[in-house]
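For reference, the chains in residue letters:
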Amino acid sequence: MTAVEERKVETATRSMRAYTEELAGIQESVRVGPGDQATRQQHARGKMTVRERLGLLLDDGSFTEVEGLRRHRASGFGMEARRPYGDGVVTGWGTIEGRTVFVYAHDFRIFGGSLGEAHAQKIHKIMDMAYAAGAPLIGLNDGAGARIQEGVTGLAGYGGIFQRSVRASGVIPQISVIMGPCAGGAAYSPALTDFVFMVRDTAQMFVTGPDVVEAVTGEKVSHDELGGAGVHGTMTGVATFVSDDEITCLEEVRHLVSLLPASNQEFPPEAPADDPEDRLCEALLDIVPADPNRPYDMRDVVAEVVDHGDLVEFHEGWAANIVCGLGRIAGHVVGVVANQPMSFAGVLDISASEKAARFVQFCDAFNIPLVTFVDVPGFLPGTGQEHGGVIRHGAKLLYAYCAATVPRIQVIVRKAYGGAYIVMDSRSIGADLSFAWPSNEIAVMGADGAANVIFRKEIAAAPDPEARRAERIAEYREELMHPYYAVERGLVDDVIDPRETRVTLARSLAMLRTKSAVLPQRKHGNPPM
Ligand code: HXC
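The shown structure was predicted, so the numbers you read here are calculated from the model rather than taken from an experiment. (Residues numbered from 1 in each chain as written. Predicted model: local features only at pLDDT ≥ 70, side-chain atom pairs only at ≥ 80, totals over all residues. Heavy atoms only, no water.)

## Thoughts on the overall build of the protein chain
Summing up its helical and strand segments, the protein chain has 22 helices and 17 strands in all. Buried residues in the protein chain amount to 52% of all 529 residues. A fraction of 72% describes how many contacts in the protein chain between residues 6 or more apart in sequence connect residues 24 or more apart. Accessible area of the protein chain: about 24,200 Å², with a carbon and sulfur share of 55%. Treating the 51 positive side-chain charges of the protein chain as one cloud and the 69 negative ones as another, the clouds have centres 7 Å apart. (Helix = DSSP H or I, 4+ residues; strand = E, 2+ residues; numbered from the N terminus. Buried < 20%, exposed > 50% of the residue type's maximum accessible area, 1.4 Å probe, protein only. Contact = heavy atoms within 4.5 Å. Areas by Shrake-Rupley, 256 points an atom, 1.4 Å probe, with all protein chains shown as cover. Lys, Arg positive; Asp, Glu negative; His and termini not counted. Charge placed at Lys NZ, Arg CZ, Asp CG, Glu CD.)

## Observations concerning the packing of aromatic side chains
Using the criterion set out here, one finds nine aromatic pairs in the structure. With a centroid separation of 6.3 Å and 40° between ring planes, the pair formed by F195 and F241 is classed as tilted. With a gap of 46 residues between them, F195 in strand 7 (residues 195–199) and F241 in strand 9 (residues 241–243) connect regions that are remote in the sequence. Side by side, F195 and F241 carry an identical accessibility label, which is buried. Here F241 and F314 contribute two aromatic rings whose centre-to-centre distance is 5.1 Å and whose plane-to-plane angle is 65°, an arrangement assigned as edge-to-face. Of this pair, F241 sits in strand 9 while F314 sits in strand 10 (residues 311–314), and the two are 73 residues apart along the sequence. Each of the two residues, F241 as well as F314, counts as buried. When the ring centre of Y19 is taken as reference, the NZ or CZ atom of R14 above it lies at 5.0 Å. (Phe/Tyr/Trp six-rings, centres within 6.5 Å; stacked < 30°, edge-to-face > 60°. Lys NZ or Arg CZ within 6 Å of the ring centre and 35° of its normal.)

## Regarding the UniProt feature "domain: CoA carboxyltransferase C-terminal" (unreviewed entry) in the protein chain
UniProt records the feature "domain: CoA carboxyltransferase C-terminal" (unreviewed entry) for residues 276–524 in the present numbering. Annotated as residues 276–524, this span is 41% helix and 18% strand, and its ends, taken at the C-alpha atoms, are 41 Å apart. (UniProt positions renumbered as here; feature names shortened; annotations may be inferred.)

## Quick notes on the site of the ligand
Looking at the ligand, there are 22 residues lining it, with R45, A144, A146, I148 and G185 nearest. Here an oxygen atom of the ligand sits 2.9 Å away from a polar atom, N or O, in the main chain of A146. Here an oxygen atom of the ligand sits 2.7 Å away from a polar atom, N or O, in the main chain of G185. Secondary-structure elements contributing two or more residues to the shell around the ligand are helix 6 (152–168), strand 6 (181–183) and helix 7 (185–191). The dominant element in the shell around the ligand, judged by the number of residues it contributes, is helix 6, at three residues. Split by residue class, the shell around the ligand holds twelve nonpolar, seven polar and three charged. (Near = heavy atom within 4 Å. Polar contact = N/O pair within 3.5 Å; in protein donor to acceptor, adjacent residues only side chain to side chain. Nonpolar A, V, L, I, M, F, W, Y, C, P; charged D, E, K, R; others polar.)

## Digging into the pairing of strand 4 (residues 137–141)
Among the five residues that make up strand 4, five are buried, leaving the element largely enclosed by the rest of the structure. Of the two faces of strand 4, the one holding L137, G139 and N141 and the one holding I138 and L140 are both buried throughout. Strand direction decides the pairing type here: strand 3 (residues 99–106) and strand 4, joined by four bridges, are parallel. Note that in strand 4 the partner of A105 across the bridge is L140. Note: strand 4 against strand 5 (residues 174–178), five bridges, orientation parallel. Pairing of L140 across the sheet is with V177, part of strand 5. (Pairing = 2+ DSSP bridges.)

## Quick look at the UniProt feature "domain: CoA carboxyltransferase N-terminal" (unreviewed entry) in the protein chain
Following the UniProt record, one finds the feature "domain: CoA carboxyltransferase N-terminal" (unreviewed entry) at residues 16–272. For residues 16–272, the end-to-end C-alpha separation is 51 Å, with 42% helix and 17% strand making up the annotated structure.

## Points about the sheet that holds strand 5
Read from one edge of the open sheet, seven strands run 1-2-3-4-5-7-9, paired in mixed fashion. Looking along the sheet, the strands with just one partner apiece sit at the ends: strand 1 (64–66) and strand 9. Neighbour to neighbour, the strand axes of the sheet diverge by 20° on average, direction disregarded. Taken strand by strand, helix 11 (residues 246–259) contacts strand 2 (89–96), strand 3, strand 4, strand 5, strand 7 and strand 9, and its axis lies near 160° from that of strand 7. (Axes fitted to C-alpha atoms, helices over the stretch in contact; angles between N-to-C directions.)

## So, the pairing of strand 14 (residues 408–417)
With respect to burial, strand 14 is a largely interior element, ten of its ten residues being buried. Where strand 13 (residues 370–376) lies against strand 14, six bridges are found, and the strand directions are parallel. Bridging across to strand 14, T372 finds its partner in Q410. In this sheet, strand 15 (residues 433–436) lies alongside strand 14 in parallel orientation, the contact comprising four bridges.

## Comments concerning helix 11
Between its terminal C-alpha atoms helix 11 stretches 20 Å, which fits the 20 Å expected from 14 residues at 1.5 Å a residue. Every buried residue of helix 11 is listed here: E246, C249, L250, V253, L256, V257, S258 and L259. (Expected span 1.5 Å × (residues − 1).)

## Let's talk about the pattern of salt bridges
On inspection of all chains with the given rule, the structure shows 37 salt bridges. Of the charged contacts in the structure, one is a salt bridge between D275 and R279, with a shortest N-O distance of 2.8 Å. Residue D275 is classed as buried on the basis of its relative accessible area, which comes to 6%. Take R279: its relative accessible area is 22%, and that puts it in the partly exposed class. Residue D432 pairs with K515 through a salt bridge whose shortest N-O separation is 3.0 Å. Pair noted here: D432 is in the loop between helix 17 (418–423) and strand 15 and K515 is in the segment after helix 22 (501–512), with a separation of 83 residues, a long-range link. The exposure class of D432 is buried, given its relative accessible area of 18%. Through salt bridges with shared partners, a single network forms among E458, R468, E471, R472 and E475. (Salt bridge = Lys/Arg side-chain N within 4 Å of Asp/Glu carboxyl O.)

## Regarding the environment of I459
Looking at the element boundaries, I459 is found in helix 19 (residues 456–461). Looking at I459, the relative accessible area reads 4%, which means it is buried. Leaving out residues up to four positions away in the same chain, I459 has contacts with A451, N452, P465, R468 and R469.

What follows is the structure, encoded as structure tokens:
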């Protein structure tokens, strides 16, 4: 006889102590879940159980569960005989470094973590609670998508998640952690959130799994080849972060949360300003070569400028020609966007534009000032890019910057050519301040290209074309390829000693902290998404 059946029989005669003992028994079965065999299988797949994960994600003892006793009421396909407490998802709230977060976590041991009606309603409730409280929502995803036995109710359950996720977008941070094979809706719902973490080897995301792929297309593909962390961390850009194991992944989620405001009504938490704001960045003189064609690692520049060299980089393995990440300057969180000369000379292309656009949009929604380090030769030319829609995708980054009302500062590190210079948060598209280093080349294009276009006929007609070409290139460089042309015209606010980049940024950000913006009345803009 189950504890619940027993209660029906003895209700009239039992003491309060007996009731509480019965409750303790039920609570224990909720906590233990589907049993040792299922747990062993979960561990054998290289994955932790749902409560082990929550224990690592949240501050010790801070988790309060909601609807642990919820069960499905589905019938058919043997469902009546299998009604586990919790219905395959654990929901509730807890704290990370003392700040409240809401969580839902699939239990793969129960129906493969698939989502039926009760399971969906539990997630809906916790999403509504997070939205009302103005606190981050974290989903630990390890589930097979819509529960096949519950027919269309599972699909509708996902509809409710999608709708809530979009309502909460830009209001509370939403973080998805992928910790198992996530199919169908379990892959789509994370795609709507702000961040997707994936665990290498054990996590996959796909709309349809390998069995369906083979049945429909005949193609044989493994879970990992189809949608593993390698695929989504480097090819598709779906995964913002890839971690080697679950423990590291959950630590990284905690660290990210420590940099985010609880909602769009707050600023990110401040840290002690224990790295002096007036620290001179001597190393910058050696990191960046004056020769515009020599590569260097832009991450070294950023590390020199931000507090303690710490930058949480987004999409590290995807679109490496642009670096996006969160760091601090004088204890305040900033969003850093930077061209990366080490990868494709730092050009802007389709993927880089998409990556940075989404990052800029996130920072703007959550009151995170933007610092943009520019060293860009232009947009990547070629049919691949043009036919792939670089106009449309590049416009996403342009739109995101133009629309952003958070403090925005541009630092031109070396070269800034053409449209890419304008897109990389130039003064003309609304940056609050723009600073140039004295070695800058700010121009429509490089001197060689420029001379070849405007003096082509003259060079061809000259008695010594190569000598005339060199003369004209030198002349163009002298006249236009320096920061003073731009600063004289107010397009750049000042030319600074590179060593003073950090102190200049810290003081400018402090001044801009009270910046406010008046937005036009409209329902919303129409970005080229
Ligand atoms: C109910 C499911 C299930 C599902 C798996 N299970 N998928 N139960 N509904 N959708 C159960 C299995 O029967 C098994 O139960 C347990 O979960 C583990 O499944 P395995 O296949 O043994 O695990 P694994 O080999 O790791 O493969 C995991 C998987 C695969 C890749 C997720 O199970 C799979 O492809 N499932 C189907 C995925 C899918 O097509 N989902 C519907 C998506 S439609 P027992 O009891 O034997 O342990 C959708 C649309 C949403 O979500 C709307 C989007 C717009």
